[in-house]
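Residue-level structure breakdown
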Amino acid sequence: MTRIAIIIPSRLSAQRLPNKPLKLINKKEMILHVYDLASKAEIGEVIVATPDQKIFDLLKKHGGKAVITSNKHKNGTDRIFEVFEKTLKKEPDIIVNLQGDMPNLNFSVIKELVNHMKANKCDIGTLASKIGDREEITDPNICKVVSEKDIKINKFAQALDFYRTSKEKTVNFTYHHIGIYAFTKEALIRYVSLKRTNLEM
């Protein structure tokens, strides 16, 4: 049986919006919305990975599971790897990195992504949605993904590039990248061993 874990990296010291995980949406903290939608997917264990005691305590009070991680990680993937390695003992076959600022995500798309991974279609998978308007193409706050083919509902295509800014203004096979990644165990181990690229930094 395939073991799956959803790990949500979350921290208070984000540069663009400090304390973002604790911002209230309908009187409930953002990180709790994300935790609950991940739990609704019912595909495996859900853990919040955080260096912050406030987030840890909030999850515990909510009845959720959180793990205190190092505060020296450069990115969320390194944070989830710590939980995968130390807490989960590298046992899950598929690890979902769900960003902690995705409270409006439909939990059903997490299932779709995981089913795609379980079918051995790829080693790393992610999601995308249609660009709302042409201004989003040049908006540096929106990460874009360019795919090899047009994607339809419940369909996947190979990603060719990711970017925030570009001189081109085409929308052909360009989508709004959604902050969720699924890794096979082997791909996650390989990924965290690589040097950070200039694009990532």
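Now for a description of the structure that goes with this document. (Residues numbered from 1 in each chain as written. Predicted model: local features only at pLDDT ≥ 70, side-chain atom pairs only at ≥ 80, totals over all residues. Heavy atoms only, no water.)

**Let's talk about the overall build of the protein chain**
When you go through the protein chain residue by residue, the secondary structure sums to six helices and 10 strands. Relative to a compact globule of 201 residues, whose C-alpha radius of gyration would be 17 Å, the protein chain shows 17 Å and is just as compact. Referenced to the eigenvectors of the C-alpha coordinate spread, the extents of the protein chain come out at roughly 45 × 40 × 35 Å. Within the protein chain, the proportion of its 201 residues that are buried is 41%. (Helix = DSSP H or I, 4+ residues; strand = E, 2+ residues; numbered from the N terminus. Rg over C-alpha atoms; globule rule 2.2 N^0.38 Å. Buried < 20%, exposed > 50% of the residue type's maximum accessible area, 1.4 Å probe, protein only.)

**Digging into the side chain of aspartate 36**
Secondary-structure assignment places aspartate 36 in helix α1 (residues 30-40). Only 2.5 Å separates the side chain of aspartate 36 from the side chain of lysine 28, close enough to count as a polar contact. In contact with aspartate 36, other than residues within four places in its own chain, are Lys28 and His62. (Polar contact = N/O pair within 3.5 Å; in protein donor to acceptor, adjacent residues only side chain to side chain. Contact = heavy atoms within 4.5 Å.)

**Section: the pattern of salt bridges**
Taken as a whole and judged by the stated rule, the model has seven salt bridges. The residue glutamate 45 makes a salt bridge to lysine 65 at a minimum N-O spacing of 2.7 Å. Separated by 20 residues along the polypeptide, glutamate 45 in strand β4 (residues 45-50) and lysine 65 in the loop between α2 (53-62) and β5 (66-68) bring together distant segments of the chain. Ionic pairing is found between lysine 90 and glutamate 85, a salt bridge with its closest N-O pair at 3.9 Å. Note on lysine 90: relative accessible area 33%, which makes it partly exposed. One salt-bridge network, in which partners are shared between bridges, spans Arg3, Glu45, Lys65 and Glu91. (Salt bridge = Lys/Arg side-chain N within 4 Å of Asp/Glu carboxyl O.)

**Digging into the packing of helix α3 (residues 76-87) against helix α6 (residues 185-193)**
Where α3 meets α6, the closest approach of the two axes is 10 Å, and the angle between their N-to-C directions is 125 degrees. Here α3 lies oblique to α6, going by the angle between them. For the element pair α3 and α6, the recorded crossing hand is left-handed. Here Thr77, Asp78, Ile80, Phe81 and Phe84 of α3 come into contact with α6, specifically with Lys185, Leu188, Ile189, Tyr191 and Val192. A class-by-class count of the residues in the contact of α3 with α6 yields seven nonpolar, one polar and two charged. (Axes fitted to C-alpha atoms, helices over the stretch in contact; angles between N-to-C directions. Parallel < 35°, antiparallel > 145°, perpendicular 65-115°, else oblique. Left-handed = near helix turned anticlockwise from the far one by under 90°. Nonpolar A, V, L, I, M, F, W, Y, C, P; charged D, E, K, R; others polar.)

**A closer look at a nonpolar patch on the surface**
Together, Ile124, Tyr191 and Leu194 line one region of the surface with nonpolar side chains, adding up to about 280 Å² of accessible area. Relative to the helices and strands, isoleucine 124 is located in strand β7 (residues 124-129). The exposure class assigned to isoleucine 124 is partly exposed, which follows from its relative accessible area of 40%. (Patch = residues over 30% accessible without salt bridge, like charges linked within 9 Å, V, L, I, M, F, W, Y side chains within 5 Å. Areas by Shrake-Rupley, 256 points an atom, 1.4 Å probe, with all protein chains shown as cover.)

**Some thoughts on unusual backbone geometry**
Even without a glycine there, the phi angle at lysine 89 is positive, about 55 degrees. Looking at the secondary structure, you find lysine 89 in the loop between α3 and β6 (94-98). Judged by relative accessible area, which is 57%, lysine 89 ranks as exposed. One non-glycine residue, lysine 90, lies in the positive phi region at around 60 degrees.

**What to know about the side chain of serine 147**
Topologically, serine 147 is positioned in strand β8 (residues 144-147). In terms of polar contacts, serine 147 uses its side chain to reach the backbone carbonyl oxygen of lysine 149, at 2.5 Å. The contacts of serine 147, once residues within four sequence positions are left out, are Ala157, Gln158, Ala159, Leu160, Phe173 and Tyr175.

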